[in-house]
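If you want the building blocks of each chain, they are given just below.
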Amino acid sequence: MILASFVDLSRLQFALTAMFHWIFVPLTIGLGVIIAIMETYYLRTGNPFWKRTTKYWMKIFAINFAIGVATGIILEFQFGTNWSNYAWFVGDIFGAPLAIEGILAFFLESTFFAIMFFGWDKVNKNMHLLSTWLVSAGTILSAFWILIANAWMQFPTGMEFNPDTARNEMVDFWAIVTSPVAINKFIHTVTNAFVLGSIVVIGISCWYLLHKREEEFSRRSIKIASVFGLVSLVVLIWTGDGSAYHAGKKQPMKLAAMEGLYKSREGTPLVAIGILNPRKDIRKIKEDSLTYKLEKPYLFNISVPEGLSLLANRKTGTFVPGIEDILKGGYTYTNRNGEEKTAPPVEERMRLGRMAAGALSDYNKARIAGDTLRMKNARAVLEENYDHFGYAYINDPVEVVPNVQLVFYAFRVMVILGGFFLLFFGLTIYLEKKGTIGRTKWYQYLGIACIPLVYICSQAGWIVAEVGRQPWTIQDLLPVSASASGVSSSAVLTTIILFFALFTALLAAETGIMIKVIRKGPEA
Amino acid sequence: MKGSVIKRIWLFYYEGFRSMTLGKTLWVIILIKLFIMFFVLKLFFFKDPLRDFKTEEEKSRHIINELTIKQK
């Protein structure tokens, strides 16, 4: 039996775990806020209808929370075992946010979660509502710290590399927490969860309408979810634009892959709809340059003139580099200190990276020998070239190109579904105002169909973010090949099978219990 | 007074857990899941590759070697 490489299997395992984990997380975050809004209505109106409605959605929240809780811990196991070089290299920068997240989640959830579920008639209404809002805030805060850690990998800042320990050490906590990439990523991801939660509420409510049950409950749930979802979606689209802007400045290869852009020009257009030419393979750039040059990047495309220039540079007539331009260098990018620099060719970055990695080795040899002058010189070389450190592990420039097809199509799936949800929320509000939502069957079917679609949209967004930054675990500083540690491929394969079985069982349990609860409906 | 606060908290949780209906099924799922994760996966499959190194210095040296070896 031929096994894929350890690195590929570890990536597959991580992706599988993260994608399963992300099935549960956004619904917890999104439903948390919707429940808190519903309970606020209850407190303000005193109408028991709202208590019943809140309690029902709280049950859906609890099922999802219980099944999903701790599934993220498996990702942390993987950091320690499969990615131990990476885990060591990132040091406390990754550890600190994860530790804060763990402590916050534990205290907020163990205290206020209990009040939220057990305290209905035992604490006063204000205290109960406060607990519900705090549980919701807790889930959002947990996401905040995780996304800070993720954003740092996309745009490493606020740290210094210590050659004595081979660790990046945090020197500016606020630079990490308030990094524009982190703030944008946090808002984008959390509003995505809000939209997902809203659509799940609408979808389940549509099921009741379709079966002519719980009309008032469903219509009012739909009303809250559609307004909340629409507002969240507007912010989501705005931060989506921010994500593309930051990618253009800090991860230009990701943006080029999102667009399937190989050779660019000033006034770069944006591909609205397109089909990539599968024969356009960047690896042929050297092997068979004539065939490569003859192949057009798209079989079909409709482009918005100047669109990408506006998206990435906020200015028409500007240049956004394509894949080949990035390989050749000469374009402007923002380094981790926030300075605008002209990028050298990837081959040059590979040379500089090897100088940095060689200097790390020299420094430590000199340290053992007690040669302070050699240590000083090696450290200077390392610091000067540290921005290119990860390129030391790149053997061929084309290795820095991610899977263009996957990123290109995932990006379009995300954007097209996002645009569709905008229309869907608008339609929902229109039908609700008109009072025909209860008898518009096609809309009710559409509402139910939107549940799987919103999950696909959300997962596609993560594919763009994570596959788009390949081969980097930490942008420009550490590729996946250098992050992995020596565990056997067969051991990874065994755990992939175990994870798949475990997560499928959890998902089946969640779906089964939810269907039972939905069929039963809100309790009297 | 202190004793009564602790007793009230205890009763709050105790009665809450006792009155759960669907929650009992969910707790069973949570416990089975945590058992699989911590006693099967963590114990047998996710061992720390740096566990054999006793000091932080040894761990650092190992990672520096790893990073140097992986560079071609």
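Just so it is clear, the structure is predicted and the values come from calculations on it, not from any experiment.

What counts, and at which threshold
- Residues numbered from 1 in each chain as written.
- Chains lettered and ligands numbered in written order.
- Predicted model: local features only at pLDDT ≥ 70, side-chain atom pairs only at ≥ 80, totals over all residues.
- Heavy atoms only, no water.
- Contact = heavy atoms within 4.5 Å.
- Buried area = accessible area lost by both parts, 1.4 Å probe.
- Salt bridge = Lys/Arg side-chain N within 4 Å of Asp/Glu carboxyl O.
- Polar contact = N/O pair within 3.5 Å; in protein donor to acceptor, adjacent residues only side chain to side chain.
- Helix = DSSP H or I, 4+ residues; strand = E, 2+ residues; numbered from the N terminus.
- Axes fitted to C-alpha atoms, helices over the stretch in contact; angles between N-to-C directions.
- Parallel < 35°, antiparallel > 145°, perpendicular 65-115°, else oblique.
- Nonpolar A, V, L, I, M, F, W, Y, C, P; charged D, E, K, R; others polar.
- Patch = residues over 30% accessible without salt bridge, like charges linked within 9 Å, V, L, I, M, F, W, Y side chains within 5 Å.
- Areas by Shrake-Rupley, 256 points an atom, 1.4 Å probe, with all protein chains shown as cover.
- Buried < 20%, exposed > 50% of the residue type's maximum accessible area, 1.4 Å probe, protein only.
- Expected span 1.5 Å × (residues − 1).
- Bend = angle between axes of the 7 residues up to and from the residue.
- Disulfide = S-S within 2.5 Å.
- Phe/Tyr/Trp six-rings, centres within 6.5 Å; stacked < 30°, edge-to-face > 60°.
- Lys NZ or Arg CZ within 6 Å of the ring centre and 35° of its normal.

Visitor: How do you make sense of the interface of chain A and chain B when you look at a structure like this?
Guide: Interface extent is often summarised as the accessible area lost during association of the parts. Counting residues at the interface gives 56 residues for chain A, matched by 36 residues for chain B. In total, chain A and chain B occlude about 3,800 Å² of area from one another, counting both sides; carbon and sulfur atoms represent 74% of this. The interface formed by chain A and chain B holds three salt bridges in total. Notably, a salt bridge pairs Glu57 of chain B with Arg367 of chain A, separated by 3.6 Å at the nearest N-O pair. At the junction of chain A with chain B, the criterion picks out five residue pairs in polar contact (both at pLDDT 80 or more). Elements supplying a minimum of two residues to the side of chain A that touches chain B: α2 (48–68), α3 (73–81), α4 (84–118), α14 (346–369), α18 (480–483) and α19 (489–520) of chain A.

Visitor: Even after reading the chapter, I still don't get the packing of helix α9 (residues 252–259) of chain A against helix α16 (residues 404–434) of chain A, so can you show me in this structure?
Guide: The geometry of a pair of packed helices is captured by two quantities: the angle between their axes and the separation between those axes. Residues and elements named next belong to chain A. Orientation of α9 relative to α16, taken along the N-to-C sense of each, is 75°, at an axis distance of 7 Å. Between α9 and α16, the interaxial angle falls into the category roughly perpendicular. Across the interface between the two elements, Lys254, Ala257, Met258 and Glu259 from α9 touch Val404, Val407, Phe408, Phe411 and Arg412 from α16. Residue composition of the contact of α9 with α16, grouped by class: six nonpolar, no polar and three charged.

Visitor: How should a nonpolar patch on the surface be read in this particular structure?
Guide: All names here are of chain A. The grouping of Ile273, Ile275, Leu299, Phe300 and Ile302 at the surface amounts to a nonpolar patch, some 470 Å² of accessible area in total. Breaking the nonpolar patch down by element, the ones donating at least two residues are β3 (270–276) and β4 (298–304). Relative to the elements of secondary structure, Ile275 occurs in strand β3. Looking at Ile275, the relative accessible area reads 41%, which means it is partly exposed.

Visitor: Explain the pattern of salt bridges to me, please; I cannot follow it from the model alone.
Guide: Two side chains that carry opposite charge are able to pair once their charged atoms sit near each other. Tallying each qualifying case throughout the model produces 19 salt bridges over all chains. When the shortest N-O distance is used, the salt bridge between Arg52 of chain A and Glu214 of chain A registers 3.0 Å. In this pair, Arg52 of chain A sits in helix α2 while Glu214 of chain A sits in the loop between α7 (180–210) and α8 (215–250), placing the two residues 162 residues apart along the sequence. In this structure, Arg336 of chain A and Asp387 of chain A form a salt bridge, with 2.7 Å as the shortest nitrogen-oxygen distance. Placement of Arg336 of chain A in the loop between β5 (332–334) and β6 (340–342) and of Asp387 of chain A in the loop between α15 (372–385) and α16 is noted, with a sequence separation of 51 residues between them. Residue class for Arg336 of chain A comes out buried when judged on its relative accessible area of 17%. The network of salt bridges with common partners includes Asp164 and Arg367 of chain A together with Glu57 and Arg61 of chain B.

Visitor: Explain α4 of chain A to me, please; I cannot follow it from the model alone.
Guide: Since one α-helical turn is 3.6 residues long, residues separated by three or four positions face the same way. With 35 residues, α4 of chain A should reach 51 Å at 1.5 Å per residue; the first-to-last C-alpha distance of 41 Å falls well below that figure. Remark: the principal bend of α4 of chain A, roughly 90°, maps to Gly91 of chain A.

Visitor: Would you explain helix α1 (residues 6–45) of chain A in this entry?
Guide: All names here are of chain A. In a regular helix each residue adds 1.5 Å, so 40 residues correspond to 58 Å; α1 covers 59 Å between its end C-alpha atoms and thus fits that length. In α1, a bend of some 30° at Trp22 exceeds every other bend along the element, and Pro26, a proline, comes one to four places later. At the C-terminal side of α1, Gly46 shows a positive phi close to 70°.

Visitor: Even after reading the chapter, I still don't get the state of the cysteines, so can you show me in this structure?
Guide: Here the structure, examined in full by the defined rule, presents zero disulfides over all chains. Here Cys450 of chain A is not disulfide-linked; the sulfur of Cys206 of chain A is the nearest cysteine sulfur, at 8.3 Å.

Visitor: Mind showing me how you'd approach the packing of aromatic side chains here?
Guide: How two aromatic rings sit relative to each other is set out by the distance from centre to centre and by the angle between their planes. All names here are of chain A. For the coordinates displayed, the defined rule picks out 42 aromatic pairs over all chains. On the basis of an interplanar angle of 45° and a centroid distance of 5.0 Å, the ring pair of Phe194 and Phe228 is categorised as tilted. Of the two residues, Phe194 sits in helix α7 while Phe228 sits in helix α8, which places them 34 residues apart along the sequence. Judged on exposure class, the residue Phe194 and its partner Phe228 are both buried. Taken together, a centroid distance of 5.6 Å and an interplanar angle of 10° make the contact between Phe424 and Tyr443 stacked. On the criterion of sequence distance, the pair formed by Phe424 in helix α16 and Tyr443 in helix α17 (residues 441–467) is long-range, its members being 19 residues apart. Tyr443 carries the same exposure label as Phe424, and that label is buried. Ring pairs connect the aromatic residues Tyr56, Trp57, Trp207, Tyr208 and Phe217, which therefore count as one cluster. Just above the ring of Trp88 sits the side chain of Arg167; from NZ or CZ to the centre is 3.8 Å. We note Arg412 situated over the ring of Phe408; from NZ or CZ to the ring centre the distance is 3.9 Å.

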